[in-house]
Amino acid sequence: MHILPILLLASASASTLAAQPVVTPATPGTRTSGSPAADTLRPFGTLREQAFKQQQWFELRMERTLPALMRRERVDMWVVPMREYNEDPVFTAITSPTTFAARRRTIYVFFDRGAAGVERIALGGTSQGNVFKAVRSMKPVPAPAAGSRSNDRQAELWGDEQWNILKQVIEERKPNKIAVNTSRTFAFADGLSSGERDGMLQALGPEWAAKVVPAEALAVDLIAARQPEEEAMFRELNRVAWAIIQEAFSNKVITPGVTKADDVLWWMRQRVNDLGLSTWFQPSVEVQRQFGSAELVGVNPTILKGDLLHCDFGITALGLNTDTQHNGYVLRDGETDVPAGIKRALLASNRLQDITVSELKPGRTGNEVLAASLKRMREEKIDGTLYSHPIGLHGHGAGALIGLWDYQDGVPGRGDHKVIPGMWYSIELQATTPVPEWNNQQVRSAQEEDVIVDAKGTVRWAFGRQATFHLVR
């Protein structure tokens, strides 16, 4: 099956935000960056600059990606109702960066008019920067809302009036299919709550209710699909994540025999906060030690010379997320480099990365990528596990799963989805290798790096991949 023939076509390049260098404050609490970003550390510019860029990406998603997906799925109408604080998972993919919640109730309607393009209607809520035609009530009100930027004296759509207008919109357009977000497989495609579904079907009546179908692949792939214009910023996000890890796994942060694992992870959290960024999960820092099982090392060990360090870390900015796992080593007295056996452990996980990236191809299901990669892994006698996932608007993003750590024979349903061009993955895996210098103790080299599958289906590292250890001296 040919996937997305017109999805994510290259267009005239848009200007990208230049990332400011990551600068370490001289002392805790210091806020001077030495950059043009005023008196705070802003590696991606001001919030206003970020929102401007996010709005551009959002508009491109609506203009390029949505029509291609609706036609691929042979859906001529997609209806997405949601209420404030019970937003559909597709909410962030179909709204502006300055919209934080649905307005009372908003019903987003997309109708494919063929050559005239996809009509976008918001029954309630706002136009999202003129991306939607916002429909208000005909009920007059005596004055605009307090704090309103307009003099609009029409009430907002509310309650049953919204369902009645939705039925009117449908009757005027006469769609063959009415796609809604219901799924027993994908959380990203299951945003229609039972109350909203009941209200909608009751209002539409049996004739139109019979045309309602699930929008599984449409919802999942709209969230998964990334624009070419986002790629440069994703590279910068990964660069900043790398820079934070590199500093965390150094003598700037770690004093062997003094610093605990939790000290490092909280330093990372604070560093993210000081940069004006956020994260989508609590970082972790783990220690492997010669002659030390996980139970013996403990949950928050003091970092010692000779320890092998591992972190799992992600940052969030401009509505995008990263996910990175790197490894470090604390040199023993007299050592100038990592022991050869531990280096071989990293080489094994590097090789499994190479295999996975070469098997990651649009048109394949996640389970097909998993099976092909594991077959080659076993042929090369690598003892490993593969559990890679999409990333983008969410950390564990929408799209085809390539294994779970406890599902190495394939993931039913979520692994049967297909990889599409123009999406991103976190290549997450581990290889376990005996280390002669540690009396052949098994050492686990877990790595995670983000990759871009571009519009042509070519896969490349978003920033790079770790091939040498971070060193603490």
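In short, a report on the structure. The shown structure was predicted, so the numbers you read here are calculated from the model rather than taken from an experiment.

### Looking at the overall build of the protein chain
- Across its full length, the protein chain carries 9 helices and 17 strands.
- Sorting the 473 residues of the protein chain into buried and exposed places 55% on the buried side.
- Summarising the internal contacts of the protein chain: among those between residues at least 6 apart in sequence, 69% fall at separations of at least 24.
- When the accessible surface of the protein chain is split by element, carbon and sulfur atoms take 51% of a total near 21,200 Å².

### So, the packing of helix 8 (residues 340–359) against helix 9 (residues 366–379)
- Interhelical geometry of helix 8 versus helix 9 gives an angle of 140 degrees and a closest axis separation of 9 Å. By crossing handedness, the relation of helix 8 to helix 9 is classed as right-handed. Together, Arg 351, Leu 352, Ile 355, Thr 356, Ser 358 and Glu 359 of helix 8 and Val 369, Ala 372, Ser 373, Arg 376 and Met 377 of helix 9 make up the contact between the two elements.
- Tallied by class, residues from the contact of helix 8 with helix 9 come to 5 nonpolar, 3 polar and 3 charged.

### Topic: the packing of aromatic side chains
- Within the structure shown, the criterion is met by 6 aromatic pairs.
- Ring plane angle 10 degrees and centroid distance 3.9 Å describe the contact between Phe 234 and Trp 424, whose orientation is recorded as stacked. Of this pair, Phe 234 sits in helix 5 (residues 231–248) while Trp 424 sits in strand 14 (residues 423–435), and the two are 190 residues apart along the sequence.
- Under the relative-accessibility criterion, Phe 234 is labelled buried at 0%.
- Owing to a relative accessible area of 1%, Trp 424 belongs among the buried residues under this scheme.
- Ring centres 4.6 Å apart and planes at 70 degrees place the aromatic pair Trp 280 and Phe 281 in the edge-to-face group.
- Since its relative accessible area comes to 26%, Trp 280 is described here as partly exposed.
- Taken together, the aromatic side chains of Trp 78, Tyr 108, Phe 110 and Phe 132 make up a single cluster linked through ring pairs.
- Note that Arg 226 overlies the ring of Trp 424, its terminal NZ or CZ placed 5.5 Å from the centroid.

### Things to note about the environment of Phe 463
- Looking at the secondary structure, you find Phe 463 in the loop between strand 16 (459–461) and strand 17 (470–472).
- Taking the C-alpha atoms as reference, Phe 463 lies 6.2 Å from Arg 239; in sequence the two are 224 residues apart.
- Here Phe 463 is in contact with Arg 235, Asn 238, Arg 239 and Trp 242, once residues within four sequence places are set aside.

### Describing the nonpolar core
- Residues Trp 78, Phe 110 and Tyr 425 are the most contacted members of the largest nonpolar core, which totals 95 residues.
- For this core, the element with the most residues is helix 5, which contributes 8 residues.
- Dropping the residues within four chain positions of it, Tyr 425 is found in contact with Leu 360, His 389, Pro 390, Ile 391, Ala 400, Ile 402, Val 419, Glu 449, Asp 450, Val 451 and Val 453.
- The next biggest cluster of nonpolar side chains, apart from the first, holds 20 residues, and it includes Val 79, Ile 107, Leu 204 and Val 212.

### Regarding the sheet that holds strand 2 (residues 105–112)
- Strand order in the open sheet formed by 6 strands is 4-3-2-1-5-6, with mixed pairing between adjacent strands. The sheet is open, and its two edges are formed by strand 4 (133–135) and strand 6 (212–214), each paired on a single side. Direction aside, the axes of adjacent strands within the sheet are offset by 25 degrees on average.
- Looking at chain direction, strand 1 (residues 77–83) and strand 5 (residues 178–180) are connected through 2 bridges and run parallel. Across the sheet, residue Met 77 finds its bridge partner in strand 5, namely Ile 178.
- The sheet contacts of helix 2 (residues 160–173) involve strand 1, strand 2, strand 3 (118–123) and strand 5, and relative to strand 2 the element is tilted by about 5 degrees.

### What to know about the pairing of strand 3
- The buried count for strand 3 comes to 6 of 6 residues, which makes it a mostly enclosed element.
- Residues of strand 3 alternate between two faces, with Val 118, Arg 120 and Ala 122 on one and Glu 119, Ile 121 and Leu 123 on the opposite face, all of them buried.
- Two strands pair when backbone bridges link them, and strand 2 and strand 3 are joined in this way by 6 bridges, in the antiparallel orientation. Considered in strand 3, the bridge of Phe 110 is made with Arg 120.
- Counted between consecutive antiparallel strands, the loop separating strand 2 from strand 3 contains 5 residues, among which Gly 114 sits at a positive phi close to 75 degrees.
- Of the pairings in the sheet, the one linking strand 3 to strand 4 comprises 3 bridges and is parallel in character. Paired with Ala 122 across the two strands is Ala 134, which belongs to strand 4.

### A short note on the environment of Phe 281
- Relative to the helices and strands, Phe 281 resides in the loop between helix 6 (261–274) and strand 7 (284–288).
- With relative accessibility at 19%, the residue Phe 281 sits in the buried group.
- Spatially, the C-alpha atoms of Phe 281 and Arg 269 are 9.8 Å apart, while their sequence positions differ by 12 residues.
- Those residues in contact with Phe 281, other than ones at most four positions away along the chain, are Asp 312, Phe 313, Gly 314 and Asp 323.

### Side note on the pattern of salt bridges
- In the structure shown here, the tally under the stated rule is 21 salt bridges.
- In this structure, Arg 64 engages Glu 229 in a salt bridge whose closest nitrogen and oxygen atoms are separated by 2.9 Å. Here Glu 229 lies in the loop between helix 4 (216–224) and helix 5 and Arg 64 lies in helix 1 (residues 47–72), a separation of 165 residues in the sequence.
- Its salt-bridge partner being Arg 173, residue Glu 172 comes within 3.2 Å of it at the nearest N-O pair.
- Judged by relative accessible area, Glu 172 falls into the exposed class, the value being 53%.
- The exposure class of Arg 173 is partly exposed, given its relative accessible area of 21%.
- Each of Arg 72, Glu 73 and Asp 221 takes part in salt bridges that share partners, so that together they form one network.

Criteria and thresholds
- Residues numbered from 1 in each chain as written.
- Predicted model: local features only at pLDDT ≥ 70, side-chain atom pairs only at ≥ 80, totals over all residues.
- Heavy atoms only, no water.
- Helix = DSSP H or I, 4+ residues; strand = E, 2+ residues; numbered from the N terminus.
- Buried < 20%, exposed > 50% of the residue type's maximum accessible area, 1.4 Å probe, protein only.
- Contact = heavy atoms within 4.5 Å.
- Areas by Shrake-Rupley, 256 points an atom, 1.4 Å probe, with all protein chains shown as cover.
- Axes fitted to C-alpha atoms, helices over the stretch in contact; angles between N-to-C directions.
- Left-handed = near helix turned anticlockwise from the far one by under 90°.
- Nonpolar A, V, L, I, M, F, W, Y, C, P; charged D, E, K, R; others polar.
- Phe/Tyr/Trp six-rings, centres within 6.5 Å; stacked < 30°, edge-to-face > 60°.
- Lys NZ or Arg CZ within 6 Å of the ring centre and 35° of its normal.
- Core = buried A, V, L, I, M, F, W, Y, C linked by side-chain atoms within 4.5 Å.
- Pairing = 2+ DSSP bridges.
- Salt bridge = Lys/Arg side-chain N within 4 Å of Asp/Glu carboxyl O.

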